[in-house]
Amino acid sequence: MSENTGETDSWTLDWPTSRGHRVARAELKKCPEDFRVFEDLGLPGFPTEDSSADDTTGGEHLCLFLEKTGDNTEYVARQLALLSGCRHFDVGFCGLKDRHAVTRQWFSIYRPGMEAGDEAFIQQVAERWLVISRTRSSRKLRRGDHRGNRFEITLRRVQGSAMDIDRALSELKMSGAPNYFGPQRFGHHGANLDRALTIDPSKLNRGGRKGGKKRGGGRSGSGSQDSKNVLYFSAARSWLFNEVLGRRVAAGNWRQAIDGEPGSGPDSELVVTGPLWGDGGTEAVSEQGAFEREVVAENPRLEALFSVTRMKPERRPLIAIPEQLHWQWLEDDNLSVSFWLAPGQYATTLLADIFELHEGAKDPEQ
């Protein structure tokens, strides 16, 4: 877990599992249909996943529930902007979904006063992606707006004891797994972390406005670079979280609060958390605060990124517990697994606590 020294393979990208080892091996994403993601928006006025109800009178944003295969979320958003004739940042979505998967998610397109043209526009969209449902809304969809995601995953060529796998899945259903950020966030061999060490953190704009300029303003080239810098900065923050969590998993205390856990008290519902580093470091104090600062201090160049950003420290749960977890053994050593996760939790990370996964592609999934 030492700091990067310029070698592309020096970043830790695989952290301890809950039981100290993985009980089986499996192939993931042999084909897109093996990895299905259904976004659960959970916002008032929006049809549910299986609803086909349409409403074209509800606001300035046309919202489409699309099924896509082979296209990443940001690509679809850019194409929707081109088809509609709006600016790229006038298209909203709640989270990045896998490219190498069958995914269903909502997009909002800013089309004020253009209700009469919605049908023609939707027909254009339907030539490229399946339009499952649509509605109009008074608000743009933003990152994290959704309630969660449901996953239907087929693991192929599973190697391992079926009894051990069933036991591990039962434990996962009851107790969860370490809530690591997925390795896809860090880029190939940690390339996003390498790039994070080259950016000037004082130029990062995380607050929406800086110097009186609106988000999305300025030259497109500058905006594109700002977006990339935020991506690299986020990768650094996520990696430091994984380092702290990995140490606690190795120590066996990741399920229990230790002295200094923020928000702990006689009248609070305790959630065991780890740091999303910010200016000032961590909100934890006492034993936990000292431990987190000690781990992060081993990576001074990453730690230094946060000293001038004025980003408030935040917390993230250490445990990810899937809801509605079900599994079924199929023929030819294949295994079907389905579950629901809150935003920001990773299906592949959850499964990787049990399986050594061999996948054909790695994409963002939230």
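Relevant structure appears above.
Notes on the structure in this doc start here. From a predicted model like this one, the values you see are computed outputs, not experimental measurements.

1. Things to note about the pattern of salt bridges
Counted according to the given criterion, the structure contains 23 salt bridges. With a closest N to O distance of 2.9 Å, R87 and D90 form a salt bridge. Notably, a salt bridge pairs R136 with D118, separated by 2.9 Å at the nearest N-O pair. One end of the pair, R136, is in strand β6 (residues 130-137); the other, D118, is in helix α2 (residues 118-126), and 18 residues separate them in sequence. The exposure class of R136 is buried, given its relative accessible area of 4%. Taking the relative accessible area as the measure of exposure, D118 reaches 0% and is therefore buried. The network of salt bridges with common partners includes R111, E115, D118 and R136.

2. A closer look at the packing of aromatic side chains
In total, this model carries 10 aromatic pairs according to the counting rule given. With a centroid separation of 6.0 Å and an interplanar angle of 70 degrees, the aromatic rings of F35 and F151 are classed as edge-to-face. Separated by 116 residues along the polypeptide, F35 in strand β2 (residues 35-40) and F151 in strand β7 (residues 148-159) bring together distant segments of the chain. Just as F35 is buried, F151 falls in that class too. Measuring from centroid to centroid gives 4.8 Å for F233 and F306, while their planes differ by 50 degrees, and the two rings are tilted. One end of the pair, F233, is in helix α5 (residues 220-251); the other, F306, is in the loop between α7 (300-304) and β10 (314-317), and 73 residues separate them in sequence. Residues F233 and F306 agree in their burial class; the two are buried. Each residue in the set W15, Y180 and F186 is aromatic and connected to the rest through ring pairs, giving one cluster. Cation over ring: R111 sits above F121, and NZ or CZ is 4.5 Å from the ring centre. Note that R150 overlies the ring of F38, its terminal NZ or CZ placed 4.3 Å from the centroid.

Reading the values: rules and limits
Residues numbered from 1 in each chain as written. Predicted model: local features only at pLDDT ≥ 70, side-chain atom pairs only at ≥ 80, totals over all residues. Heavy atoms only, no water. Salt bridge = Lys/Arg side-chain N within 4 Å of Asp/Glu carboxyl O. Helix = DSSP H or I, 4+ residues; strand = E, 2+ residues; numbered from the N terminus. Buried < 20%, exposed > 50% of the residue type's maximum accessible area, 1.4 Å probe, protein only. Phe/Tyr/Trp six-rings, centres within 6.5 Å; stacked < 30°, edge-to-face > 60°. Lys NZ or Arg CZ within 6 Å of the ring centre and 35° of its normal.

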